Protein chains: 2
Amino acid sequence: MENSSSEDLDSETLFIVSQTFKALGDPTRIRILHLLFKKECSVNAIAEALDIRQSTVSHQLRFLKNLRLVKYRREGTTLYYSPDDEHVMLILKQMIDHASHS
Amino acid sequence: MENSSSEDLDSETLFIVSQTFKALGDPTRIRILHLLFKKECSVNAIAEALDIRQSTVSHQLRFLKNLRLVKYRREGTTLYYSPDDEHVMLILKQMIDHASHS
DNA sequence: TCATTATATGCACATATTATCATATAAGCA
DNA sequence: TGCTTATATGATAATATGTGCATATAATGA
């Protein structure tokens, strides 16, 4: 059975864990996810709210989408992004709380 | 008050959060921390257990030490490393469990 | 003091990552 | 169809990262 304290980490788990933490290890992606924590946002809304280029936001959203950390719904030409992994978002929230208390 | 869902992340919190997740975003560092989860280990013991160079282990331990994620105690010429941040270790454990269930 | 063992450090190299520009695609509407 | 708006993509350059070699440091014991 899966147990994080068992002898060895299998390589697939190791890969997923490192990829996911890597996704959370960049300030821009953290800011995007933190923004989405409160409400779904279009790509342009994110770019404006965080003052970063549209293409940068789009690239990072693709990254997060590949890891299934965000999803989107379409409304005309606008794509509204929102979190797609509650557990990872909870982990992000925990780390932010942890860091802001230090 | 600190609240992970408040409007903006201050830059210091953002920095700490991203640095900490970055620390967890590398397979070698994850393996080291996962090993230390079970028992304190010397540098050489880690290198042997994980089959990586001593200098690599030392470099990564310095990285983790700078973030206060590990600490050590000396016994003669041997340094025994162990986790130094329970909360971050708990977060790592959560992510491993999350990943191994997917 | 000298040799040995354990660990740390400086440097170099290969690779990965990030942001940006320019441009492509896609949907909606006149 | 052609125009506009929203988003995605490819290429590129600057920077960051991870590893290993060679060597330094530090503690111990003969």
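See the structure shown above.
This report concerns the structure included in the present document. (Residues numbered from 1 in each chain as written. Chains lettered and ligands numbered in written order. Predicted model: local features only at pLDDT ≥ 70, side-chain atom pairs only at ≥ 80, totals over all residues. Heavy atoms only, no water.)

## Side note on the interface of chain B and chain A
Interfaces are often sized by the amount of accessible area the parts lose when they come together. Of the residues lining the interface, 40 residues belong to chain B; the matching set on chain A comes to 40 residues. In this assembly, chain B packs against chain A so that about 3800 Å² is buried in total across both faces, 66% of it on carbon and sulfur atoms. Remark: the boundary between chain B and chain A carries zero salt bridges. The interface formed by chain B and chain A includes six residue pairs in polar contact (both at pLDDT 80 or more). For the side of chain B that touches chain A, the secondary-structure elements that each account for two or more residues are helix 1 (11-24), helix 2 (27-38) and helix 5 (86-100) of chain B. Per-element accounting of the side of chain B that touches chain A gives the leading share, twelve residues, to helix 5 of chain B. Across the side of chain B that touches chain A, the residue classes break down as 15 nonpolar, 15 polar and ten charged. (Contact = heavy atoms within 4.5 Å. Buried area = accessible area lost by both parts, 1.4 Å probe. Salt bridge = Lys/Arg side-chain N within 4 Å of Asp/Glu carboxyl O. Polar contact = N/O pair within 3.5 Å; in protein donor to acceptor, adjacent residues only side chain to side chain. Helix = DSSP H or I, 4+ residues; strand = E, 2+ residues; numbered from the N terminus. Nonpolar A, V, L, I, M, F, W, Y, C, P; charged D, E, K, R; others polar.)

## Some remarks on the protein's contact with DNA strand D
In the neighbourhood of DNA strand D, 24 residues make up the surrounding shell, with A:Tyr81, B:Thr28, B:Arg29, B:Thr56 and B:Gln60 lying closest. By atom count, sugar and phosphate contribute 66% of the portion of DNA strand D lying within 4 Å of the protein. The separation between a sugar or linking oxygen of DNA strand D and a polar side-chain atom of A:Thr77 is 3.3 Å. Within the contact set of DNA strand D, a phosphate oxygen lies 2.7 Å away from a side-chain nitrogen or oxygen of B:Thr56. Grouping the amino acids of the surface near DNA strand D by side-chain chemistry returns three nonpolar, 15 polar and six charged. (Near = heavy atom within 4 Å.)

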